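Structural overview for review
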Number of protein chains: 2
Amino acid sequence: MQRLTLALDAMGGDSGPPVVVPAAKQALENYPYLTLRLIGDREQLIPLIHHYHLEDETRLSIVHTVQMIAPEDKPLKILRTRRNSSMGLSLQMVADGEADACVSAGHTGALVALSHAILKVLPGIERPALVSSIPNRRGRQTLMLDLGANSTCSSHLLHQFALMGMVLVQTLWHINNPKIALLNIGSESIKGNDAIRQAGRLLTQTSSLNYQGFIEGNQIFDGDVDVIVSDGFSGNIALKTAEGTAEFLLYSFRKMLPQSPLKRFIMTWLMPNFQRQLSQLTPQKHNGACMLGLRGVVIKSHGRADSEAFFQAISEALVQSQLNIPQLIGQQIPKFLSEIG
Amino acid sequence: MQRLTLALDAMGGDSGPPVVVPAAKQALENYPYLTLRLIGDREQLIPLIHHYHLEDETRLSIVHTVQMIAPEDKPLKILRTRRNSSMGLSLQMVADGEADACVSAGHTGALVALSHAILKVLPGIERPALVSSIPNRRGRQTLMLDLGANSTCSSHLLHQFALMGMVLVQTLWHINNPKIALLNIGSESIKGNDAIRQAGRLLTQTSSLNYQGFIEGNQIFDGDVDVIVSDGFSGNIALKTAEGTAEFLLYSFRKMLPQSPLKRFIMTWLMPNFQRQLSQLTPQKHNGACMLGLRGVVIKSHGRADSEAFFQAISEALVQSQLNIPQLIGQQIPKFLSEIG
């Protein structure tokens with residue numbers, strides 16, 4: 001297996017090092033061809049490295065920085081003054097070829113701004129998109145993008161997202177002619193805003209793309225399509241509402257328990273099954289969104305991810321590096337874009 | 001009890017008369033002070049009226065029309081040529097004072113266009129909003145608007161929606177100083193697009209309004225706020241995604257059953273409880289959105305509503321008529337709007 005080096009932003013997310021270090025340990029144990037660089041505050045990292053008995057691990061090293069990104073930092077400030085943050089340095093290592101990919105649980109706005117500035121976008125792509133997958137009724141996955149990198153999107157940007165989604169699904173899941181839809185508030189061609197209607201026309205014109213039209217929020221789990229494209233605002237609302245609904249239903253379900261002691265006992269026995277189903281929709285367990293459209297692999301871990309979920313994000317970074325996803329997108333997109341002139 | 005007359009669009013929704021007529025029967029039985037006008041095709045309605053033994057019911061009458069609205073009809077065409085549709089005539093009866101409110105399961109775009117044109121908006125309100133409520137973790141309801149009447153919204157329109165939501169919650173649920181939030185893709189003030197950030201500033205300036213800031217999609221069921229304001233595009237995506245998630249989880253849950261005969265038996269026994277929880281989120285059972293901001297009560301039934309759900313929509317129309325919701329909004333909004341100059 002080809003040796004790979006990953007840069008892990010050790011300070012991002014709600015928990016930072018206490019989540020990243022055990023995830024790193026799990027990754028080193030599972031992937032013998034992997035080398036990890038932890039980018040962050042040495043003072044916080046070294047005690048954890050000792051705690052997890054990683055002090056003699058030659059495939060693990062620290063790149064020290066204490067610069068932090070605050071949730072309130074605006075993109076312009078981040079670009080001017082946060083390039084030496086743990087996130088900025090992680091991305092720089094990918095740009096410089098010192099790492100094959102990076103993983104960060106830091107906040108999305110900063111990751112979009114810094115990855116765009118440091119790694120740059122691929123030819124034909126105007127902006128990177130945040131991409132993830134959700135489970136569907138057919139027992140498979142559906143890819144969704146953009147999930148929050150761009151709160152407004154032009155029709156051309158939506159069209160680029162559709163093309164990137166197609167390449168990713170073809171490569172990751174071996175689906176030859178993936179079905180693509182736009183998320184809208186109705187299925188008729190007159191529904192939605194100007195950008196989405198115009199994107200629908202661009203997708204129809206791209207004959208090599210299997211465009212299926214608009215779908216609504218209640219259809220995203222149906223599995224009728226392989227890729228769902230939306231602007232980052234409504235995509236983010238959809239994904240987080242799905243998370244919130246799953247958590248609310250689990251909560252409601254638990255609240256039902258005390259009604260009868262017998263039912264309570266039985267439900268507790270049945271619960272693990274149901275929780276497994278729900279966990280497909282909760283970010284603590286299901287993880288590994290990526291920033292697509294960049295000249296390098298960037299995996300966005302959820303801010304609330306636990307170490308098991310951060311490990312999943314690392315695994316996703318490995319898969320995308322091994323498959324050379326950025327190179328494939330860079331090669332294929334320009335020829336599709338030429339179809340719409 | 002004050003006598004009330006409702007105009008029911010008998011042709012709207014996926015099913016039309018077979019859903020509306022039994023719902024009308026249930027309403028007449030439950031509300032002795034109620035008179036109903038069924039607006040629609042006499043040929044289709046009379047057999048159903050006989051079937052439900054309503055031929056001698058003096059509180060029920062038909063207003064005949066065969067004009068229909070097609071899903072593909074654009075707003076301009078609807079306004080020019082569909083005023084005598086069952087939906088148009090229902091709204092006209094409210095405008096003319098022949099009915100106290102109307103209920104339609106017809107499509108949202110047509111209802112927005114026709115209600116705006118026929119009933120007109122209240123002073124200070126630029127456009128009507130589609131409003132509904134969702135259950136929350138605290139065992140109460142949260143009001144959400146706009147759910148799809150306006151796919152793009154200015155900051156001023158979002159501000160007007162917040163004010164209308166406040167009046168509705170105060171009046172319907174007797175909450176004195178309801179908490180109001182904007183649906184966004186992050187909680188920090190820099191998140192989202194220009195319209196939502198500017199709406200946040202307008203809401204902060206309105207001192208009589210209990211504005212709580214931004215919330216994200218995963219928080220909509222938490223019950224931390226009473227009113228969630230969004231543009232119609234993301235509000236619609238959120239509500240329908242919640243429906244889709246509930247339906248997907250119910251489906252996944254059923255799929256688990258066959259694994260073991262004992263568990264299968266037990267789950268079937270437990271299912272009614274769980275289905276009751278889920279049904280709070282499915283439109284077939286939970287119904288009665290309204291169009292707020294108009295000079296009259298307009299209730300929007302879900303297109304997939306069954307007759308029980310259509311009956312709920314009728315009940316909602318009665319409540320809003322009795323409470324004079326449009327008049328209250330018309331009186332109160334202008335003084336709040338003066339706070340932002």
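Residues numbered from 1 in each chain as written. Chains lettered and ligands numbered in written order. Predicted model: local features only at pLDDT ≥ 70, side-chain atom pairs only at ≥ 80, totals over all residues. Heavy atoms only, no water.

All names here are of chain A. On domain assignment, one finds that chain A holds domain 1 (1–125 + 293–324) and domain 2 (130–288). Listed by partner, the interface residues are 20 residues for domain 1 and 16 residues for domain 2. Together domain 1 and domain 2 conceal approximately 1,500 Å² of surface at their shared face, both sides included; 56% is due to carbon and sulfur atoms. Counting the surface domain 1 buries against domain 2, the share from its top three residues, Ile-125, His-302 and Arg-304, is 31%. Residue Arg-304 is joined to Glu-243 by a salt bridge in which the shortest nitrogen-to-oxygen separation is 3.4 Å. Inspection of the region where domain 1 meets domain 2 yields one residue pair in polar contact (both at pLDDT 80 or more). (Domains from an automatic or database assignment. Contact = heavy atoms within 4.5 Å. Buried area = accessible area lost by both parts, 1.4 Å probe. Salt bridge = Lys/Arg side-chain N within 4 Å of Asp/Glu carboxyl O. Polar contact = N/O pair within 3.5 Å; in protein donor to acceptor, adjacent residues only side chain to side chain.)

In this section: the pattern of salt bridges. Residues and elements named next belong to chain A. What the rule picks out here adds up to 20 salt bridges over all chains. Here Arg-304 ties to Glu-247 by a salt bridge, and the two come within 3.8 Å at their closest N and O atoms. Of this pair, Arg-304 sits in the loop between β11 (297–300) and α10 (307–322) while Glu-247 sits in helix α8 (residues 232–256), and the two are 57 residues apart along the sequence. Residue class for Glu-247 comes out buried when judged on its relative accessible area of 18%. Through salt bridges that share partners, Asp-73, Lys-77 and Arg-82 make up one connected network. (Helix = DSSP H or I, 4+ residues; strand = E, 2+ residues; numbered from the N terminus. Buried < 20%, exposed > 50% of the residue type's maximum accessible area, 1.4 Å probe, protein only.)

So, about the pairing of strand β10 (residues 289–292) of chain B. Residues and elements named next belong to chain B. Side-chain alternation along β10 places Ala-289 and Met-291 on one buried face and Cys-290 and Leu-292 on a second face that is also buried. Examined bridge by bridge, strand β5 (residues 129–135) and β10 share three bridges and lie antiparallel to one another. Looking at the pairing, Val-131 lines up with Cys-290 of β10. (Pairing = 2+ DSSP bridges.)

Here we take up the sheet that holds strand β1 (residues 4–9) of chain B. Residues and elements named next belong to chain B. Ordered by their spatial adjacency, eleven strands build an open sheet running β3-β2-β1-β4-β11-β10-β5-β6-β9-β7-β8, and the pairing between neighbours is mixed. Sheet topology places β3 (60–64) and β8 (210–215) at the edges, where each strand pairs with a single neighbour. Mean inter-strand twist for the sheet, computed between neighbouring axes without regard to direction, equals 25°. Against the sheet, helix α1 (residues 17–30) contacts β1, β2 (34–40) and β3, and its axis sits at roughly 170° relative to β2. Across the face of the sheet, helix α10 (residues 307–322) comes into contact with β1, β2, β4 (101–104), β10 and β11 (297–300) while running at roughly 140° to β1. (Axes fitted to C-alpha atoms, helices over the stretch in contact; angles between N-to-C directions.)

Here we come to the packing of helix α1 (residues 17–30) of chain A against α10(A). Residues and elements named next belong to chain A. Their axes nearest at 8 Å, the elements α1 and α10 cross at an angle of 50°. As judged from the angle between their axes, α1 and α10 are oblique. In the crossing of α1 with α10, the sense of the turn from one axis to the other is right-handed. Contact residues: α1 offers Val-19, Val-20, Pro-22, Ala-23, Ala-24, Gln-26, Ala-27 and Asn-30, while α10 offers Ser-307, Glu-308, Phe-310, Phe-311 and Ile-314. A per-class count over the contact of α1 with α10 returns nine nonpolar, three polar and one charged. (Parallel < 35°, antiparallel > 145°, perpendicular 65-115°, else oblique. Left-handed = near helix turned anticlockwise from the far one by under 90°. Nonpolar A, V, L, I, M, F, W, Y, C, P; charged D, E, K, R; others polar.)

Another aspect to go through is the packing of aromatic side chains. Going through the model one piece at a time under the given rule, you end up with six aromatic pairs over all chains. Between the aromatic rings of Tyr31(A) and Tyr33(A), the centroid separation amounts to 6.0 Å while the plane-to-plane angle is 50°, which identifies the pairing as tilted. Taking the relative accessible area as the measure of exposure, Tyr31(A) reaches 17% and is therefore buried. Taking the centre distance of 5.9 Å and the plane angle of 15° together, the rings of Tyr31(B) and Phe311(B) count as stacked. Note that Tyr31(B) is positioned in the loop between α1 and β2 and Phe311(B) in helix α10, a separation of 280 residues in sequence. The pair Tyr31(B) / Phe311(B) is uniform in exposure class, with both members buried. Among the aromatic residues, ring-to-ring pairing joins Tyr31(A), Tyr33(A) and Phe311(A) into one connected group. (Phe/Tyr/Trp six-rings, centres within 6.5 Å; stacked < 30°, edge-to-face > 60°.)

Attention shifts here to the pairing of strand β5 (residues 129–135) of chain A. Residue and element names in this part refer to chain A. With seven of seven residues buried, β5 is to be regarded as a mostly interior element. In β5, alternate side chains face the same way, and those of Ala-129, Val-131, Ser-133 and Pro-135 on one face and Leu-130, Ser-132 and Ile-134 on the other are all buried. Sheet topology note: the β5/strand β6 (residues 141–145) ladder contains five bridges and is antiparallel. Counterpart to Ile-134 in the pairing with β6 is Thr-142. Between β5 and β6, which pair antiparallel one after the other, the connecting turn spans five residues, and Gly-139 there sits at a positive phi close to 80°.

All right, on to the sheet that holds β6(A) then. By way of backbone hydrogen bonds, the strands of a sheet pair with one another, either parallel or antiparallel. Residue and element names in this part refer to chain A. Spatially, the eleven strands line up as an open sheet ordered β3-β2-β1-β4-β11-β10-β5-β6-β9-β7-β8, and their pairing is mixed. If you trace the sheet from one side to the other, it starts and ends with β3 (60–64) and β8 (210–215), each paired once. Strand-to-strand twist of the sheet, defined as the mean angle between neighbouring strand axes without regard to direction, takes the value 25°.

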